[in-house]
Amino acid sequence: MHADEAGAAALVAAAQAGDEDARERLIAAHLPLVYNVVGRAMGGDADVDDVVQETMVRVIGSLAGLRDPSSFRSWLVAIAMNEVRRRWAARQLAPLAGLDTMEQLSDPAGDFVDVTILRLGLSGQRREVAEATRWLDERERDLLSLWWLETAGELTRAELVEALGIPAQHAAVRVQRMKEQLEVGRLVVRALDTAPPCPGLSALTPGWDGRPAALWRKRIARHARACAVCSGHRRELLPVEGLLAGLVLVLPPQHLAAHTFSSVSASVPASVSASASAPPSGRRLLRGGRRPAQLVGGVVAAVAVLGAVSVLPSGHPAAGAGGTALAVVTPAEPSTEPTPTPTPMPTPSPTPSPSLPSAPPSTPAATVAPAPSPTPSVAPKSLERQLVDLINAQRTKAGCAQLRIDPRLHAAAQGHSADMVANHYFDHADPQGGQPDARITAAGYQWSAWGENLDQDTKSPAKVLSDWMDGAIHQQNLLDCRYTDTGVGTAPDSGGLVWTLDLAAPL
């Protein structure tokens, strides 16, 4: 599908080495992809341009840490999805906007459905598919963004899975459910557009305000299935994959391209050194998001979720051969005000050893020295303490404060590891759709930012750290100086242990 993968990897390597021309070509080549991912995920939101620019700035700024240039596209898409989730999460944390500012949250003129129809010249059933996407539930936006591009031939299924930050099997189920909902939306669009309108449908919708909503989707679809006039529309619908296959990307507006280039140029040093470290051997799952986020079959990482998230399937160049890792980043925008350091929770201080004189006094020959007291045995460190100590050593090198183990975050992490093993899944989201932020809140921790990393089939804390020090989202979570508290939970499974690391900063 992507014929010049070797050339693309060479371009990435040149940009990592500090080649400014290569960096600009890299931005130009991938800006349309990022614009389509973000634009469709955020619909007509006024922040689309900002999120696209932030994504490219973050990508170029973190490029030196990308270990495998051939995995650039999947890494790029995961970061884009993480930035989308970060923006949604930050907005949820912000005070409710007044009526005078609500209009700033959406841009009807920038509705990505209209932009797609206009710029791609869609008509007939292709146009209806685009309009049907408005009838999807909000939680399906991320998936629609990626699946549309997969169907159009711009992304692979592996890249879709990695950007979602969930296992491949789970992604397949979600895609199927989303497609079913999209088919319902196509039926609704066709029924509403039919002229003359169906009398039964007209009698059903006098109270409808014209805005797509789940309740009206169900009502109109129920009518269309039972109505002799409307039910025939379903037989006329062509397979959606055939309608979208081969569609080109929606090109970003010129002002966005110009602003993006200037933003990246102003934010990135002229020279970037490449990383020579070898790829980790464990399986990772990245979500951000969080995740990215990037995840599955073996690894899960959550990105900001900030929401970000993506999955690295077995065999993915960035996934390695051993266990699995998943990283989630939470959605909180960095505050412009200094974050007050919370008062640390009291911990029992070790009993100080009695001070010894610099030189022992001479003992008369006839005096028998008392037998030394037996040295008390030192309890071995817990797995949680071992891993946090290793992470703190890396944070010290990066200039970040030491993480403190918080019992509430420990409880959230431990509960999630145990639940993953008990219910046979590996993901930031539980089978009921619960996300890391909900678990952390339920444990009693009031957060301003959070992140989560997962790892699987790994027994050693040092190996877990190695999996997460990947130069990407996992490592960004570990070395994010906003976080002050952490908790680690482990649970045994057939391959070793399932690990959950929750990171957070208090309100």
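Let us look at the structure shown here. Once a new chain begins, its residue numbering starts again from 1 and follows that chain's sequence as written. For a predicted model such as this one, the threshold for reporting local features is a pLDDT of at least 70, and the threshold for listing and counting side-chain atom pairs is 80 or more; totals across whole chains, interfaces and linings nevertheless cover every residue. Hydrogens are left out, water is left out, and the side-chain values use all remaining heavy atoms of the structure.

**Digging into the overall build of the protein**
Selection criterion: Strands are runs of DSSP state E lasting at least 2 residues, helices are runs of H or I lasting at least 4, and numbering of each runs from the N terminus. Exposure classes here rest on a 1.4 Å probe applied to the protein chains alone. A residue is buried below 20% of its type maximum, exposed above 50%, and partly exposed in between. In these tables, accessible area is a Shrake-Rupley quantity obtained with a 1.4 Å probe, and a residue counts as shielded only by the protein chains included in the view.
Scanning the protein from terminus to terminus reveals 19 helices and eight strands. Going through the 507 residues of the protein one by one, you find that 50% of them count as buried. Accessible surface computed for the protein: about 23,200 Å², of which carbon and sulfur atoms make up 58%.

**Here's the deal with a positive patch on the surface**
Definition in use: Within this analysis, patches are made of residues with over 30% relative accessible area and no salt bridge. Like charges are joined at 9 Å or less; nonpolar side chains (Val, Leu, Ile, Met, Phe, Trp, Tyr) at 5 Å or less. Within this document, salt bridges are pairs made up of a side-chain nitrogen of Lys or Arg and a carboxyl oxygen of Asp or Glu, the two lying within 4 Å of each other. Working convention for charge: Lys and Arg count positive, Asp and Glu count negative, and His plus the chain ends are omitted. Charge placement uses NZ in Lys and CZ in Arg. For Asp and Glu, CG and CD serve respectively.
A surface patch of positive charge is lined by Lys218, Arg219, Arg222, Arg225 and Arg234. The element best represented in the positive patch is helix α11 (residues 214-226), accounting for four residues. By the secondary structure assignment, Arg219 is in helix α11. Judged by its relative accessible area of 32%, Arg219 is partly exposed.

**Quick word on the packing of aromatic side chains**
Just so we agree on the cut-off: Side-chain rings of Phe, Tyr and Trp (the six-membered ring for Trp) are treated as a pair once their centres are within 6.5 Å; stacked means planes under 30 degrees apart, edge-to-face means over 60, and tilted covers the remaining angles. Distance and angle both matter: a charge sits over a ring if NZ of Lys or CZ of Arg is within 6 Å of the ring centre and within 35 degrees of the ring normal.
Applying the stated rule across the entire model yields five aromatic pairs. Between Phe72 and Trp75 the ring centres are 5.9 Å apart and the planes differ by 55°, which places this aromatic pair in the tilted class. Here Phe72 pairs with Trp75, and both are found in helix α4 (residues 72-93), just three residues apart, close to one helical turn. Across the pair, Trp75 and Phe72 agree in class, each one buried. Through a chain of ring-to-ring contacts, three or more aromatic side chains come together here, namely Trp135, Trp208 and Trp216. Cation over ring: Arg40 sits above Trp148, and NZ or CZ is 3.8 Å from the ring centre. Above the face of the Trp216 ring, Arg219 is positioned so that its terminal group lies 4.9 Å from the ring centre.

**Side note on the packing of helix α15 (residues 383-397) against helix α18 (residues 461-468)**
To be explicit about the condition: All axes here are fitted lines through C-alpha atoms, helices being fitted over the stretch that makes contact, and every angle between N-to-C directions spans 0 to 180 degrees. If an angle is under 35 degrees, it is roughly parallel; if it is over 145, roughly antiparallel; if it lies from 65 to 115, roughly perpendicular; otherwise it is oblique. The crossing is said to be left-handed when, going from far helix to near helix, the turn is anticlockwise and less than a right angle, and right-handed when the turn is clockwise. The contact rule is simple, with two residues in contact once any of their heavy atoms fall within 4.5 Å. The classification used treats Ala, Val, Leu, Ile, Met, Phe, Trp, Tyr, Cys and Pro as nonpolar, Asp, Glu, Lys and Arg as charged, and all other residues, Gly among them, as polar.
Interhelical geometry of α15 versus α18 gives an angle of 40° and a closest axis separation of 9 Å. In terms of orientation, α15 and α18 fall into the oblique class. Where α15 crosses over α18, the two elements pack in a sense that is right-handed. Contacts between α15 and α18 involve Leu383, Gln386, Leu387, Leu390, Ile391 and Gln394 on the former and, on the latter, Pro461, Ala462, Val464, Leu465 and Trp468. For the contact of α15 with α18, the class distribution of residues is nine nonpolar, two polar and no charged.

**Topic: the nonpolar core**
Definition in use: Only buried residues count toward a nonpolar core. Its members are Ala, Val, Leu, Ile, Met, Phe, Trp, Tyr and Cys residues joined through side-chain atoms within 4.5 Å.
Of all hydrophobic cores here, the largest spans 81 residues; its most connected members are Val38, Phe72 and Leu146. Here this core gets eleven residues from one element, more than from any other, and that element is helix α2 (residues 20-42). Excluding residues within four positions of it along the chain, Leu146 makes contact with Val37, Val77, Met81, Leu155, Leu160, Ala163 and Leu164. Grouped together as the second largest cluster of nonpolar side chains are 16 residues, Val388, Ile391, Leu403 and Trp468 included.

**What to know about the environment of Gln53**
Mapped onto the fold, Gln53 is located in helix α3 (residues 48-62). Accessibility expressed as a relative area gives 13% for Gln53, which makes it buried. For the pair Gln53 and His259, spaced 206 residues apart in sequence, the C-alpha separation works out to 7.5 Å.

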